[in-house]
Amino acid sequence: MSKFIIKRILVMIPVLLGVTFVIFTMMYFTDGNPAQLILGDMATEEQIHELEEEMGLNDPFFTRYLNYLSDLLHGDLGTSYVTGQPVAKEIMDRLPVTVRISFCCMIFAVAVGIPAGILSAVKQYSILDNLSMVLALVGISLPNFWLALMLVLVFSVGLGLLPPSGLYGFKYYILPVVSISASAVATITRMTRSSMLEVIRADYIRTARAKGQSENVVIFRHALLNALIPIITVVGLQFATTLSGTVVNEQIFAIPGLGKLMVDAIKARNYPVVQGGVFVLAFIFSILNLVIDLIYAFVDPRIRSQYVRKKNKRQAETDNRKEVPA
Amino acid sequence: MKKTVSLILALVLMFTLFAGCGSQGQSEQGEPAGQTQPAGESEQSEQKGETAQTVTKDNLVVAVSSEPGSLAPYSHNNQQAFIPATLVYESLIVKDDNGEYQPCLATEWSFTDDVTLEVTLREGVKFHDGTDFTAEDVVYSLGLMQASSFTSNLFGCIDTENTVADGDYKVIIKLQYPFAALLEALASYRGVMISKDSYESLGEEGYGHAAIGTGPLMLDEWVSGDRLEFVQFDDYWGEPTAFHSATVRFITEAASRTIELETGGVDLAFDLQTTDWDRIANGSDTQLISGDSQKTTFLMINCSKAPYDNELVRKALAYATDVDSLVNVVYQGAASVADCWMAPSIIGYKSEEQIPYDVEKAKELLAEAGVTDLTVKFGSYENATNLAVAEVLESMWGAAGIKLELAVTDLATYTADNNAGELEVSYMNTAATIPDPTAALLVWPLSRTISLRHNDQTIQDYLDKGSQEYDSEARVAIYNELMDYFNEKYYTIPIAFEKGAFGASKSITNLPYYPSNVPDLTRIQFE
């Protein structure tokens, strides 16, 4: 198991290198002069040229890329052109907010989506099933920024129950979380339903019922546990999507998250922040994929046993080699 | 059984985390004080020594459209950053509502000759870092203003080598050449004073995030991407503000700022959509504070590129543009037709005769210039107003046989193209920081590298003459002549004088509209 983790971590290195190269190349070939943006419209050509030299903007592509990589290896993501602050600090100021929102969204999505999916599967073709499937369809189809605006109009402007923007307490989380997680709730509901429907028709479920197990035990212990793998995959993917895909809603709700930071940075040609943000997101995605794989093993003994079996097999081969007489 | 217990524990953990997210946000970040109550609700207290009852408020909440990159006053051009800066920084002099200069950090000032201004400073003023405000700070601040590319248009005249402190509370400001707008610049939000000691120790970036001034409030906390928190400065030399603290929130979406104002989440909201103005003006708890701004918009024509280097072609574009209709359609009451290259509030404004919309005349002029099948490449960035202007022009110019090819880029590319002289025709504006031609005619000096490129020395001569003329009447005459000259040359086509506005809760008083769109927040009172 530990070897599997180490192997996966090593695989992350070329992935991250690739990400840095692609994003650096894209930013390099994008129009716009950061020196001009920093100094403003009134700057003279001499001032601009001087700053370009100071920032190394006139260096060849590979020199700049290698300098960037070298700084990156030393934990230096660069300095923001706009604020003059270290990029790492700017990202670390914003990342917890995005992670917190995404985490709340996933808890909400799981807490609503899985029970709804189970209920739909258990009561297939009932009114409840039809209702939850219609709502799931609506949830997937509605653009989340539109939903956000509608929720604000109803609950903030109309009813005055919830604050329209900011993130200063529990009630401030409700509208962003509901609007951002709507599609995740829908996806998880549908996946849970289809996965459960597949499982509850299996022989071992019939056997469990034949043994006289209560329906709750059959559903939650036998069916749900076996249906969890595809659900976990979807939850993982949705979490990753939420982490990077909340930009518009961050703008609507004035949430100081990473997405907003990166969009502002792209507009301002603030290369170091864009590169740093993409790198951090790619790193989180890689880690997230690894965690999902580990959760598979934790939830499903069959997958766990594959890791252990491989280890045992290698151990046996080693032992066999040792037993061969010289 | 064991698994059931695990499942229950997992669920409990899940709900605890969910609840924890909320409570953590509340305790860590803190709701902006006063936000739980409608902005209009406030406590009343009678201050000593005042006969009238003064209404005070715990916290003033302001919404601006973007986060400042820095609050260092000479390091940026972000208008939204100057609004919170009015809470912490002060200038040597201020201008009252009647347009008269009044003392602030300076108590007396006088020109001893055309290039020497003697200023006596107020004693007993402290910076937020605890140091005394002295003549050294003024000399240091003026040096930074002179060198910065953001402020050099107003303070580039200062002779930094010969500007000296005469004791702790007197400064002799020397100029390299006479500069008539100096007092206006010193009284503006561009002319604020900073602490030499802190600037030297913190550096430009550090100072930009510390914002140490002499104002009635001081920066307490900067929550990246979210807000600025200000608290009252106990050692402030003047009268305290009518609010004990202030929160400036960064709300990017204009609609969200309007909603926050309407629902009582903020007391003041800036940079609002013009389509929301009526709603705010007619709101039961809101008011619209509006007026004529110092912003003039115009069609910029690249005079160094063929065929626009031919005056006849530029004139044809002017005749092919129905400015009245354009302004009505695009601005819908939020601007008036520009009859000059500077807003009426600027010294030297002169109402010029408007060029009539005459398609036949435009065709004749093009024929006279020998230009057939003219296709104008109209450069723009993603901006609703600019794109609307392009759409209307496409139709108007089409009637005169002129095709419009719209080239939309992002703002950074647009700026780069503009500075490289690549744009052919574009819709631009100048928002003057002070009501003076020096700021209003910012695009005209030959040293500017934008795509206008008129290369006309006569204009530069007028600009130099006007900026150095202290006699008001003579100065007005110079700029009037310059406006006539512009009218003959068709280098640009003036389009609109934009109105400006910001939304406020009804409880706010004593805050008039500022044509610069940067109101002094410290003067706010409540009823």
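Rules of the game
Residues numbered from 1 in each chain as written. Chains lettered and ligands numbered in written order. Predicted model: local features only at pLDDT ≥ 70, side-chain atom pairs only at ≥ 80, totals over all residues. Heavy atoms only, no water. Pairing = 2+ DSSP bridges. Helix = DSSP H or I, 4+ residues; strand = E, 2+ residues; numbered from the N terminus. Buried < 20%, exposed > 50% of the residue type's maximum accessible area, 1.4 Å probe, protein only. Contact = heavy atoms within 4.5 Å. Core = buried A, V, L, I, M, F, W, Y, C linked by side-chain atoms within 4.5 Å. Domains from an automatic or database assignment. Buried area = accessible area lost by both parts, 1.4 Å probe. Polar contact = N/O pair within 3.5 Å; in protein donor to acceptor, adjacent residues only side chain to side chain. Nonpolar A, V, L, I, M, F, W, Y, C, P; charged D, E, K, R; others polar. 1 Å grid on protein atoms, 1.4 Å probe; cavity = no way out; pocket = protein on both sides within 12 Å on 5 of 7 lines; lining within 4 Å. Points joined across faces, edges and corners; volume = space filled by probe spheres on them. Axes fitted to C-alpha atoms, helices over the stretch in contact; angles between N-to-C directions. Parallel < 35°, antiparallel > 145°, perpendicular 65-115°, else oblique. Left-handed = near helix turned anticlockwise from the far one by under 90°. Salt bridge = Lys/Arg side-chain N within 4 Å of Asp/Glu carboxyl O. Patch = residues over 30% accessible without salt bridge, like charges linked within 9 Å, V, L, I, M, F, W, Y side chains within 5 Å. Areas by Shrake-Rupley, 256 points an atom, 1.4 Å probe, with all protein chains shown as cover. Phe/Tyr/Trp six-rings, centres within 6.5 Å; stacked < 30°, edge-to-face > 60°. Lys NZ or Arg CZ within 6 Å of the ring centre and 35° of its normal. Expected span 1.5 Å × (residues − 1).

## Overview of the pairing of strand β9 (residues 170–174) of chain B
Residue and element names in this part refer to chain B.
1) Next: The pairing of strand β7 (residues 116–121) with β9 spans 5 bridges and is classified as antiparallel. Along β9, the bridge assignment pairs T116 with K174.
2) Next: Of the strand pairs in this sheet, strand β8 (residues 164–165) and β9 are connected by 2 bridges, and their pairing is antiparallel. Directly across from V164, in β9, lies its bridge partner I172.

## Concerning the environment of B:Y319
Residues and elements named next belong to chain B.
1) Next: Structurally, Y319 can be placed in helix α9 (residues 311–319).
2) Next: Taking relative accessible area as the criterion, Y319 reaches 13% and is therefore assigned buried.
3) Next: If we ignore the near neighbours within four places in the chain, the residues touching Y319 are I355, P356, Y357, D358, V359, K361, A362 and L365.

## Overview of the side chain of B:N418
1) Next: Take B:N418: it is sitting in helix α13 (residues 411–419).
2) Next: Apart from the residues within four sequence positions on either side, B:N418 is in contact with B:M300, B:L423, B:M428, B:T449, B:I450 and B:S451.

## A short note on the nonpolar core
1) Next: Counting 106 residues, the largest nonpolar core has B:L92, B:L268 and B:W444 as the members making the most contacts within it.
2) Next: Two domains each donate at least three residues to this core, and these are domain 1 (20–285 + 506–526) and domain 2 (295–497) of chain B.
3) Next: Beyond its immediate stretch of four places on either side in the chain, B:W444 contacts B:W341, B:L452, B:H454, B:I459, B:L463, B:F486, B:Y491 and B:T492.
4) Next: Core analysis: the next-biggest nonpolar cluster, separate from the first, contains 66 residues, A:Y65, A:I229, A:L258 and A:L288 among them.

## With respect to the domain arrangement of chain B
All names here are of chain B.
1) Next: Splitting chain B by domain gives domain 1 (20–285 + 506–526) and domain 2 (295–497).
2) Next: Each of domain 1 and domain 2 has a C-alpha centre, and the two are 33 Å apart.
3) Next: The interface is formed by 19 residues belonging to domain 1 together with 14 residues belonging to domain 2.
4) Next: For the domain 1 and domain 2 pair, buried surface summed over both sides reaches about 1400 Å², with 66% attributable to carbon and sulfur atoms.
5) Next: When residues of domain 1 are sorted by the area they lose upon contact with domain 2, N153, A180 and E184 head the list and together hold 32% of the total.
6) Next: The tally of links between domain 1 and domain 2 comes to 3 residue pairs in polar contact (both at pLDDT 80 or more).
7) Next: The residue inventory of the side of domain 1 that touches domain 2, partitioned by class, reads 11 nonpolar, 4 polar and 4 charged.

## Comments concerning empty space enclosed by the protein
Residues and elements named next belong to chain B.
1) Next: Under the defined criterion, the tally for this structure stands at 3 cavities of 30 Å³ or more.
2) Next: Lining the largest cavity we find 14 residues, and of these A338, E353, Q354, I355 and P494 sit closest to its centre.
3) Next: Partitioned by chemical class, the residues of the lining of the largest cavity number 8 nonpolar, 3 polar and 3 charged.
4) Next: When its volume is computed, the second largest cavity comes out at roughly 50 Å³.
5) Next: The set of elements that each furnish at least two residues to the lining of the second largest cavity consists of β14 (286–301) and β19 (492–505).
6) Next: A breakdown of the residues in the lining of the second largest cavity according to their chemical character gives 6 nonpolar, 3 polar and no charged.

## Some remarks on the packing of helix α15 (residues 457–468) of chain B against helix α16 (residues 472–489) of chain B
Residue and element names in this part refer to chain B.
1) Next: Where α15 contacts α16, the axes come no closer than 9 Å and their chain directions differ by 160°. The angle between α15 and α16 places the two elements in the roughly antiparallel class. The interaxial crossing formed by α15 with α16 has left-handed handedness. Each of T458, I459, Y462, L463, K465, G466 and S467 in α15 lies in contact with α16, whose residues at this interface are R475, I478, Y479, E481, L482, Y485 and F486.

## Considering the interface of chain B and chain A
1) Next: Chain B puts 45 residues into the contact, and the matching count from chain A is 47 residues.
2) Next: A buried area of about 4200 Å², summed over both sides, lies between chain B and chain A, and 59% of it is on carbon and sulfur atoms.
3) Next: Applying the counting rule to chain B against chain A returns 1 salt bridge.
4) Next: Two residues, B:E67 and A:R94, come together in a salt bridge whose shortest N-O distance is 2.9 Å.
5) Next: Counting the contacts that link chain B with chain A gives 10 residue pairs in polar contact (both at pLDDT 80 or more).
6) Next: Where the side of chain B that touches chain A is concerned, the elements lending two or more residues are α1 (2–29), α6 (196–210), β12 (243–250), α7 (254–262) and α13 of chain B.
7) Next: Of the residues in the side of chain B that touches chain A, the class split is 13 nonpolar, 20 polar and 12 charged.

## Let's talk about unusual backbone geometry
Note: most peptide bonds trans; most residues except glycine with negative phi.
All names here are of chain B.
1) Next: Residue P307 follows A306 across a cis peptide bond; omega there is 5°.
2) Next: As for its position among the elements, P307 is in the loop between β14 and α9.
3) Next: Here the phi dihedral of Q332 falls at roughly 45°; this positive angle occurs in a residue that is not glycine.
4) Next: Within the secondary structure, Q332 is located in the loop between α10 (323–331) and β15 (335–337).
5) Next: With relative accessibility at 65%, the residue Q332 sits in the exposed group.
6) Next: A positive phi angle, close to 45°, is found at R453, a residue other than glycine.
7) Next: With respect to the helices and strands, R453 occurs in the loop between α14 (437–440) and α15.

## Examining the domain arrangement of chain A
1) Next: Annotation of chain A at the domain level lists domain 1 (2–73) and domain 2 (88–268).
2) Next: With centres defined by C-alpha atoms, the gap from domain 1 of chain A to domain 2 of chain A works out at 36 Å.

## Thoughts on the sheet that holds β7(B)
Residues and elements named next belong to chain B.
1) Next: With antiparallel pairing, the 4 strands of this open sheet are ordered in space as β6-β7-β9-β8. Edge positions in the sheet fall to β6 (106–113) and β8, since each of these pairs with one other strand and no more.
2) Next: Where β6 meets β7, 6 bridges bridge the pair, whose relative direction is antiparallel. Paired with S110 across the strands is E118, a residue of β7.
3) Next: Packing of helix α3 (residues 135–147) onto the sheet brings it into contact with β7, β8 and β9, and relative to β9 it is tilted by some 20°.

## Some thoughts on a nonpolar patch on the surface
Residues and elements named next belong to chain A.
1) Next: Nonpolar side chains collect at one region of the surface, where F21, V22, M26, F62 and L66 lie side by side and expose about 510 Å² of accessible area between them.
2) Next: For the nonpolar patch, the secondary structure elements donating two or more residues are α1 (2–28) and α4 (61–73).
3) Next: Broken down by element, the residue count for the nonpolar patch peaks at 3 residues, all from α1.
4) Next: Among the structural elements, F62 can be located in helix α4.

## Let's talk about the packing of aromatic side chains
1) Next: Using the criterion set out here, one finds 27 aromatic pairs over all chains in the structure.
2) Next: Here B:Y349 and B:F497 contribute two aromatic rings whose centre-to-centre distance is 6.3 Å and whose plane-to-plane angle is 65°, an arrangement assigned as edge-to-face. Within this pair, whereas B:Y349 is found in the loop between β15 and α11 (359–369), its partner B:F497 is found in strand β19, the two being separated by 148 residues in sequence.
3) Next: Linked through ring pairs, A:F21, A:F24, A:Y28, A:F29, A:F61, A:F62, A:Y65 and A:Y68 together constitute an aromatic cluster.
4) Next: The cationic tip of B:K361 hangs over the ring face of B:Y319; the distance from NZ or CZ to the ring centre is 5.6 Å.

## Looking at α16(B)
Residues and elements named next belong to chain B.
1) Next: Its 18 residues place the ends of α16 26 Å apart at the C-alpha level, agreeing with the 26 Å of an ideal helix rising 1.5 Å per residue.
2) Next: Of all the positions in α16, only R475, I478, Y479, L482, M483, Y485, F486 and N487 are classed as buried.
3) Next: Lining the buried residues of α16 we find α14 and α15.

## Looking at the pairing of strand β11 (residues 227–232) of chain B
Residue and element names in this part refer to chain B.
1) Next: Of the strand pairs in this sheet, strand β10 (residues 217–223) and β11 are connected by 6 bridges, and their pairing is antiparallel. Considered in β11, the bridge of L217 is made with Q232.
2) Next: From the end of β10 to the start of β11, which pair antiparallel, there are 3 residues, and G225 there has a positive phi angle of about 80°.
3) Next: Examined bridge by bridge, β11 and β12 share 5 bridges and lie antiparallel to one another. Bridge pairing in β12 links E229 to T247.

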